[in-house]
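What follows is each chain in one-letter form.
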Amino acid sequence: MSEHEASLYERLGGFDGISAITEDIWANHTRNTAIKQRYADSDAEKVKGLVRDMFCAGTGGPENYDGKDMLSAHRGMNISDQEFVAVIDDVLDAMSKNGAGKREQDEVLSILYSMKAEIVHV
Ligand code: HEM
């Protein structure tokens with residue numbers, strides 16, 4: 001029996017793998033008509049860096065996320081259920097493009113869905 005169960009972070013290819021996924025999440029968001037307007041005034045490099053660090057830290061990596069908590073980051077935006085689903089679809093598509101497996105996609109889906117109450121209609 002294996003003594004070390006690889007973390008989700010490791011299974012996604014660590015920092016480099018998650019950086020590549022984050023590039024595709026951003027590419028998807030900025031061409032997704034359901035949500036792209038939300039990011040029209042964003043500093044792409046800054047937001048990508050924060051999302052990457054959160055993704056790394058949240059999947060078991062050593063990186064530190066120093067951005068806002070999810071409630072503070074999204075409060076006042078009145079984000080809809082449809083927008084929430086659009087973001088999740090973009091994330092899973094980006095994972096798929098980078099070769100992530102079904103098990104890994106399901107784990108990320110579950111993590112993201114658990115944040116819904118802090119993001120939608122807040
Ligand atoms: C589980 C899903 C989501 C996660 C994990 C997430 C994560 C993040 C993170 C880490 C930030 C940066 C926080 C900071 O500035 O310190 C952020 C900002 C933001 N998020 Fe989300 N988000 C999610 C869903 C959404 C949805 C559904 C929308 C609506 C389309 C959205 C729109 C935004 C916008 C507009 C910003 C600000 C970007 C900027 O500062 O220019 N997010 N989000």
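Rules used throughout
Residues numbered from 1 in each chain as written. Predicted model: local features only at pLDDT ≥ 70, side-chain atom pairs only at ≥ 80, totals over all residues. Heavy atoms only, no water. Core = buried A, V, L, I, M, F, W, Y, C linked by side-chain atoms within 4.5 Å. Buried < 20%, exposed > 50% of the residue type's maximum accessible area, 1.4 Å probe, protein only. Helix = DSSP H or I, 4+ residues; strand = E, 2+ residues; numbered from the N terminus. Contact = heavy atoms within 4.5 Å. Near = heavy atom within 4 Å. Polar contact = N/O pair within 3.5 Å; in protein donor to acceptor, adjacent residues only side chain to side chain. Nonpolar A, V, L, I, M, F, W, Y, C, P; charged D, E, K, R; others polar. Donors = N, O, S within 2.8 Å, 3.2 Å for Na, K, Ca; no water. Salt bridge = Lys/Arg side-chain N within 4 Å of Asp/Glu carboxyl O.

### Here we look at the nonpolar core
Of all hydrophobic cores here, the largest spans 21 residues; its most connected members are Leu 12, Ile 21, Phe 55, Met 95 and Val 108. Listed by contribution, the elements that provide at least two residues to this core are α1 (8–11), α2 (14–29), α3 (44–58) and α5 (81–97). In this view, Ile 21 contacts Leu 12, Phe 55, Ala 94, Met 95 and Asn 98; residues no more than four positions away in its chain are not counted.

### Section: the site of the ligand
If you check the shell around the ligand, you find 21 residues, and the closest are Tyr 39, Ser 42, Lys 68, His 74 and Ile 79. One of the side-chain nitrogen or oxygen atoms of Ser 42 is found 2.6 Å away from an oxygen atom of the ligand. One of the backbone N or O atoms of Lys 68 is found 2.8 Å from an oxygen atom in the ligand. Elements with a contribution of two residues or more to the shell around the ligand: α3, α4 (70–74) and α5. Its residues assigned to classes, the shell around the ligand shows 15 nonpolar, three polar and three charged.

### Focus: the coordination of the iron atom of the ligand
If you check the protein contacts of the iron atom of the ligand, you find one donor only, His 74 (NE2), at 2.1 Å. Looking at where His 74 falls in the secondary structure, it is placed in helix α4.

### So, the pattern of salt bridges
Inspection of the entire model under this criterion finds eleven salt bridges. Residue Arg 11 pairs with Glu 107 through a salt bridge whose shortest N-O separation is 3.1 Å. Of the two residues, Arg 11 sits in helix α1 while Glu 107 sits in helix α6 (residues 102–113), which places them 96 residues apart along the sequence. Since its relative accessible area comes to 26%, Arg 11 is described here as partly exposed. Across the pair Asp 93 and Lys 97 runs a salt bridge, and its minimum N-O distance is 2.9 Å. Of this pair, Asp 93 and Lys 97 both sit in helix α5, four residues apart, roughly one helical turn. A relative accessible area of 48% places Lys 97 in the partly exposed class. Here the residues in one salt-bridge network are Glu 5, Arg 11, Arg 103, Glu 104 and Glu 107, joined through shared partners.

### What about the environment of Tyr 39?
Assignment of secondary structure puts Tyr 39 in the loop between α2 and α3. The class of Tyr 39 is partly exposed, set by a relative accessible area of 22%. Residues Tyr 39 and Trp 26 lie 13 residues apart in sequence; the distance between their C-alpha atoms is 9.5 Å.

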